[in-house]
Amino acid sequence: FYALYMRSSLSKRVVTLHPSPRVLDANSTTAKVSSERFWGSYRPQVYFGMKTRSPRSILTGMMWMRQFSNSDMNLRHTCEQGDHLQGYGWLMHDGLTFGVQEIRDNDFTLTTEFVKRIGGDHGGDWTWRITAKQHSSAPQPPVISLMFYAAADTQGSLHTHMEERNRLASITGFSEELGNFKITFRKPVTGELSSPKYASYNYLQTLSPGLEKLTDIVKLSLNRRFVYSPPSGEKRHYIGVDTYKPHHHQNQQKHADPRKEGDFVVHQVTVQTPFQIEVLFESGSFTNRPNQLVGSIMTQELEKRKAEFNLKFEKIFGLESKGFSQTHIKFAKAALSNMLGGMGYFYGESVVQSVYNEYPLLYPEGALFTAVPSRSFFPRGFLWDEGFHQLLLSKWDPQLTREAIGHWFDLMNIEGWIPREQILGDEARSKVPAEFIVQRNENANPPTLFLALQELIEQLTSRSDEAVSKPTLPFLRRLFPRLKTWFEWYNTTQTGPKPNSYRWRGRDKDTNLYLNPKTLTSGLDDYPRASHPSADERHVDLHCWMALSSGIMASIAQLLGEPHEDYKLQHNVLTDNNLLDDLHWSEQLHAYSDYGNHTQNVSLQREKVYVPPGQPRHQFPVARLVRSVRRAPKLQYVNALGYVSLFPFLLQILQPDSSKLEHILRDMRDPNKLWTPFGLRSLSKTDPLYMERNTEHDPPYWRGPVWININYLAVRALYHYGNTEGPYQEKAAALYKELRTNIINNVYSQYVETGYVWEQYSDSTGRGQGSHPFTGWSSLTVLMMAEHY
Ligand code: 6A9
C-alpha cells in the first residue's frame, strides 16, 4: 500500500506548481493593472490579428484572398511557409502602442497598421488601417477580398449590424474583460479624402467549435455564386463567405464540444487595388474620447508614433551615428520590430510526463507572455530561445523582459522544472505533430534566462534612464525563491559522473536508428555527442552554462542581501580553468570536448529488413538505414570540433591568459574548420559527421550550418577578450571586427535578397535556410550592429 501511495503522490509532482508566491500577480495582465499592454498583436501565428492578454480573449484578425486568379484557394490566414509570400513582417513596432507591417503577396502588397489609444477601464480603442497596392509587374490591378473577423473564445458575445442587404457595418459585443465594445468596418477608399470605392460585401455569422477551426470554417463556407459588377467593367463571379448558414454546420455541431464554442463573425469586402480600409475598435467605457481615430487623425497619430519610434531606436542602438546606411537601418528596425510584433500571449496546458506516470498528464492551465522563434513554423514559447530574445528586447523595453521572465517562472513546477517547449491551448497544439507534444520533467534546456537577468542587473548600475530599470530590484526579489529552485533543479538533476561535472538528460535512446543519438535538451539537437549515451558522459556546454548561472545567482543574491557565499564558491569551482581542463580538455583534439562511451567508427548502412504483418508495406522486405558500429565504443573524449568545444570561450569562462585561447582562436579562424565568410559554422569541416544526415529523413541541422545565437555569443566573447588585457587581446580584437562584419553582411543581404530573416545560414553559400521568417535569435544581429553586448 505504501509503495502504491508513494507512486501516486510522486506521479502528481510533475503537475504540481511551485508553492512560492507568483512572480506576477494573478491580475497583472488585466486592463485595470496594465491597460497599455492589454491589447496587442499577441497572435504571432496569424499574419494580422490582435487580442488581449486574457485567458479567453475576444480574438480579432484578418484573412485575405485574391479574386479571379488561376489558383483558387489562396486564402491567407495563419503564417504558412507554403503560402510562398515574397516577404512579410513588422517594419516598425514599439511593442506597446502601434505597428506597421508589410505583407508582399504575389501581385500586391498589403500594409497593415494599427494604433492604440488608451482610455476608459478596458484597455481603450484601436484602429487598423489596411493599404493595398498592386505591384508594377501585375498585368492589371488585382481584385482582393479582405475578411475581417472577430471570434469569442467560449465567453462573450458578438452581434451583427447590417447596412443595406449584406454589408456588415459593425459588430457590437460584450465580454468579461472588455465590457461593451463596438467594431466598425469603414468603406474602402483610394486615399484619405476620396469617396468610397466600388466594393462587394459578404458576411458570415456562426458558432466556431474551437479557435483552431476558424480557417476551415471560412473555407467551407466559400461560395462562387456572388457577382462582382463594377460600374465600368464586366460582371464576374467571385468567391465569398456565404451569408447563409453553411451546410457543414449541422454536421460539425454533432461533434462540437459546447464548452469550446464561441461566436464567430466575418466581414468580407471585395475591392480592386489600390485601396485603403480602416477598422475601428471602440471600448464602451471610453466615454470622453476627443474624436474618432480615423482618416487624417489616424494618419497624424501614425506619423507621430513612427517619429517617436525612430528617435528611440537611434537613441538606443545608435546605428546612424555608427554610419550604417538607411537600408541597413531599415533592416535592423524590421528585425527588432518583428521580435516585438512576435510577442504572443498563450494560455492553456502543457502535456507532461515523468517516470512515475504511465501516461502523459495535463499540466495546470497557465499563461505565457513570450516572444517566439518563428511566426510561421513554431509560433510558441521555447525556453532557451527566450533567453536570447530577451537580450535584445531588454535593451528596448526592460518591463517587457521582466514580464516575459515572470511568466516563464510562474510556469515552474514544485521540482523546479520549467517545460522546454510551451504548446499551450488548442490553437498551438494543432500545429505540432503528436510525437513532439509531450514534455518530460527530466529534460532541461540551457538556462539562458540567466543571460537576460544578467543584462537587467547591469542596467541597474549603468543605465542613465533610471526610471526604466528601477523596478528590476523588486522584481528580482519576487523572482528569487523560484530562481533558487530553478538553479537547484539543474544542479541536482543534470549532474555528471564526476564531481563538478554535468550531463544533459533525455538523449535519444534507440541508438540503432541514428548516426548519433540526438540531445534535443541541449538545444543543439544533432550536434555530435558520445556515440553510445550513458551515465558516464559529461558535457562541456552544460558545465559552462552552470558556471555562468552560479555567478549570476551569486550577484543576484548579493544584490538582494541574501546568502550568496555558496553560489560564489560554486562559481569559483566551476570557473577554475584547471578543473575545466581536467574534465574537458582533449589533448588529442587540442580543444574542449565532451566525454563518454564513444566510437567514431559508426555509419548508416542500407539494410533490408522484414516488416512484420500489420505494419504498412508489410511482407515486403524494405531497405532502410540502420547504424552500423565497426569498432566497439570505449570511454574517451568525443573529439568533435564545433560550437560545443567553444563554450568555455563563448561564455567567457576562460581566463584571458589561458593558453587554450590560442587554439580556440586559431580553430575559429581556420576556413577548413569553423570559419566561413558568413559566420562560424556549427561543426568543423574536418569532423566525420560534418553535414551528415542523422537518419534517412533527418538532414544535418547543427552539423555545419551557421546559427546566429551562437555567433552572437562568439562576437560578444571576442569583444570581451579584445578589450581585456592578455596575450590574445589583439588577435581577439581583430577577429571581432571580421566576424561581426561577416555576420551582419550576410544576414542583411539575405534579407534584402529573399525578404526574410532565417533560422540558419548555409556555411557554403550563406543562403538562408530552415524556417522563415525566423526573427527569434537571428535578430540578435541588431545587437551586433549596435555593439551592445
Ligand atoms: C517541430 C514542427 C509544423 C530547434 O527555435 C526553436 C528550437 C530551438 O530551441 C532548438 O535549439 N528549434 C533548435 O534546435 C526549432 C524546434 C522546432 C520543433 C518543432 C515540429 C512543426 O510542424
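Computed from a predicted structure; not experimentally measured.

A. Highlighting the sheet that holds strand β23 (residues 438–440). Strand order across the open sheet formed by 3 strands is β19-β18-β23, with mixed pairing between neighbours. Both edges of this open sheet fall to β19 (361–362) and β23, since each of them pairs with a single strand only. Bridge count between strand β18 (residues 351–353) and β23: 3 bridges; the pairing is parallel. Looking at the pairing, Val352 lines up with Gln439 of β23.

B. Layout of the site of the ligand. In the neighbourhood of the ligand, 15 residues make up the surrounding shell, with Trp384, Asp385, Gly523, Asp525 and Trp702 lying closest. Contact distances for the ligand include 2.6 Å between an oxygen atom and a backbone N or O atom of Gly523. Trp702 is positioned with one of its side-chain polar atoms (N or O) 2.9 Å from an oxygen atom of the ligand. Here the ligand, which alone exposes 560 Å², has 83% of that area covered by the protein.

C. Structural context of the sheet that holds strand β12 (residues 200–208). Here we have 6 strands laid out as an open sheet, ordered β1-β2-β3-β8-β15-β12, and antiparallel in their pairing. Edge positions in the sheet fall to β1 (39–40) and β12, since each of these pairs with one other strand and no more.

D. Inspection of the packing of helix α15 (residues 643–650) against helix α17 (residues 708–722) at higher detail. Running from N to C, α15 and α17 cross one another at 35 degrees; their axes reach a closest spacing of 10 Å. Viewed along their axes, α15 and α17 form a crossing whose handedness is left-handed. From α15, Tyr643, Phe647, Pro648, Phe649 and Leu650 reach across to α17, where they touch Ile710, Asn711, Leu713, Ala714, Ala717, Leu718 and Tyr721. In the contact of α15 with α17, the residues fall into 11 nonpolar, 1 polar and no charged.

Cut-offs and rules
- Residues numbered from 1 in each chain as written.
- Predicted model: local features only at pLDDT ≥ 70, side-chain atom pairs only at ≥ 80, totals over all residues.
- Heavy atoms only, no water.
- Pairing = 2+ DSSP bridges.
- Helix = DSSP H or I, 4+ residues; strand = E, 2+ residues; numbered from the N terminus.
- Near = heavy atom within 4 Å.
- Polar contact = N/O pair within 3.5 Å; in protein donor to acceptor, adjacent residues only side chain to side chain.
- Areas by Shrake-Rupley, 256 points an atom, 1.4 Å probe, with all protein chains shown as cover.
- Axes fitted to C-alpha atoms, helices over the stretch in contact; angles between N-to-C directions.
- Left-handed = near helix turned anticlockwise from the far one by under 90°.
- Contact = heavy atoms within 4.5 Å.
- Nonpolar A, V, L, I, M, F, W, Y, C, P; charged D, E, K, R; others polar.

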